[in-house]
Amino acid sequence: MRILITYGSKLGGTREIAGQLASDLRDEGLDAQALAPEDVGDVRAYDAVIVGGGLYANRWHRHARRFVHRHAQELRERPVWFFSSGPLDDSASRERIPPTAQVRALMEQVGARGHETFGGRLARDARGFIARSMVREHAGDWRDSGQIARWARGVAAELREAASARAGFESASQESPR
Ligand SMILES: Cc1cc2nc3c(=O)[nH]c(=O)nc-3n(C[C@H](O)[C@H](O)[C@H](O)COP(=O)(O)O)c2cc1C
């Protein structure tokens, strides 16, 4: 089963989460690949898609939003999960943080099956006027590799379940009716 993981990331934190998800899903025996949106060819080549976005003022980074808009049709036709990365504290590790209103609207647009919020990262040398002003209070790496791995295992289990249900249905429908 081929899984695409793509993302919108400005400072690199969400890109690295996508990389860890791909590696965790490969450990689960799935053929998973993390690609920047501009490197994704035909979404129809994948059996399932995960889209992640770094949060900026409660909105996904524009590359993630754009990917969903551009490929809404293909995404509606296959299982899709979303993740967000943002909180610059341990809140995402302690409790489930629901998607922001904008991300929820994108989920509805494509019928996404689930969503997880992971902690974010703000490096001390982050570039950009607002990012620099946030560094003093909020610099740190709050991404939790255990939380990411657990979520990847959950997605893999759902995909396996769906595949075995499909295989059961197909073999039942091949039996000729008497
Ligand atoms: C200008 C700015 C605005 C941010 N706004 C939010 C926000 O609204 N919600 C949130 O949870 N995190 C917010 N963050 C934290 C980022 O989401 C976090 O740094 C994340 O890891 C960035 O992803 P990226 O490294 O992939 O770009 C903000 C960070 C910056 C620099």
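The structure we're discussing is the one just above.
Residues numbered from 1 in each chain as written. Predicted model: local features only at pLDDT ≥ 70, side-chain atom pairs only at ≥ 80, totals over all residues. Heavy atoms only, no water.

Engineer: Would you mind going over the packing of aromatic side chains with me for this structure?
Structural biologist: The geometry of an aromatic ring pair is captured by two quantities: the separation of the ring centres and the angle between the planes. Using the criterion set out here, one finds four aromatic pairs in the structure. For the pair W60 and F82, a centre-to-centre distance of 4.7 Å together with 50° between the ring planes defines the contact as tilted. With a gap of 22 residues between them, W60 in strand β4 (residues 59-60) and F82 in strand β5 (residues 80-85) connect regions that are remote in the sequence. W60 sits in the buried class, given a relative accessible area of 1%. (Phe/Tyr/Trp six-rings, centres within 6.5 Å; stacked < 30°, edge-to-face > 60°. Helix = DSSP H or I, 4+ residues; strand = E, 2+ residues; numbered from the N terminus. Buried < 20%, exposed > 50% of the residue type's maximum accessible area, 1.4 Å probe, protein only.)

Engineer: Just checking my understanding: could you explain the pattern of salt bridges for this structure?
Structural biologist: A side chain with one charge may pair with a side chain of the opposite charge, provided their charged atoms come close. For the structure shown, the criterion picks out nine salt bridges. Here E16 and R143 are joined by a salt bridge, their closest N and O atoms 2.8 Å apart. Taken together, the residues E16 in helix α1 (residues 13-27) and R143 in the loop between β8 (140-141) and α7 (145-174) connect sequence positions 127 residues apart. (Salt bridge = Lys/Arg side-chain N within 4 Å of Asp/Glu carboxyl O.)

Engineer: Can you help me understand a positive patch on the surface in this one?
Structural biologist: Together, K10, R62, R66 and R70 give the surface a local cluster of positive charge. For R70, the location among the structural elements is in helix α2 (residues 62-70). (Patch = residues over 30% accessible without salt bridge, like charges linked within 9 Å, V, L, I, M, F, W, Y side chains within 5 Å. Areas by Shrake-Rupley, 256 points an atom, 1.4 Å probe, with all protein chains shown as cover. Lys, Arg positive; Asp, Glu negative; His and termini not counted. Charge placed at Lys NZ, Arg CZ, Asp CG, Glu CD.)

Engineer: I keep staring at the pairing of strand β3 (residues 48-56) and nothing clicks. Help me out?
Structural biologist: Each regular strand shows side chains that alternate between the opposite faces of the sheet. Of all nine residues in β3, seven are buried, a share of seventy percent or more. With six bridges joining them, β3 and β5 adopt parallel strand pairing. Pairing of G54 across the sheet is with S85, part of β5. Pairing of β3 with β4, which is carried by two bridges, proceeds in the antiparallel orientation. The partner of L55 across the bridge, within β4, is W60. (Pairing = 2+ DSSP bridges.)

Engineer: Teacher, can you tell me more about the packing of α1 against α7 here?
Structural biologist: Any two packed helices are characterised by the angle at which their axes cross and by the distance between the axes. One way to put it is that α1 packs onto α7 with a least axis distance of 9 Å and a crossing angle of 50°. Judged by the angle between their axes, α1 and α7 are oblique. In this structure, α1 crosses over α7, and the sense of that crossing is right-handed. Of the residues in α7, those touching α1 at I17, Q20, L21, D24 and L25 are S145, I148, A149, W151, A152 and A156. Tallied by class, residues from the contact of α1 with α7 come to eight nonpolar, two polar and one charged. (Axes fitted to C-alpha atoms, helices over the stretch in contact; angles between N-to-C directions. Parallel < 35°, antiparallel > 145°, perpendicular 65-115°, else oblique. Left-handed = near helix turned anticlockwise from the far one by under 90°. Contact = heavy atoms within 4.5 Å. Nonpolar A, V, L, I, M, F, W, Y, C, P; charged D, E, K, R; others polar.)

Engineer: Please clarify how the site of the ligand should be interpreted in this entry.
Structural biologist: The local shell around the ligand holds 20 residues, among which S9, L11, T14, L55 and Y56 are the closest. In this structure, an oxygen atom belonging to the ligand sits 3.3 Å away from a main-chain N or O atom of S85. Taking G86, its main chain carries an N or O atom lying 3.3 Å from a nitrogen atom of the ligand. Counted by class, the shell around the ligand contains nine nonpolar, nine polar and two charged residues. (Near = heavy atom within 4 Å. Polar contact = N/O pair within 3.5 Å; in protein donor to acceptor, adjacent residues only side chain to side chain.)

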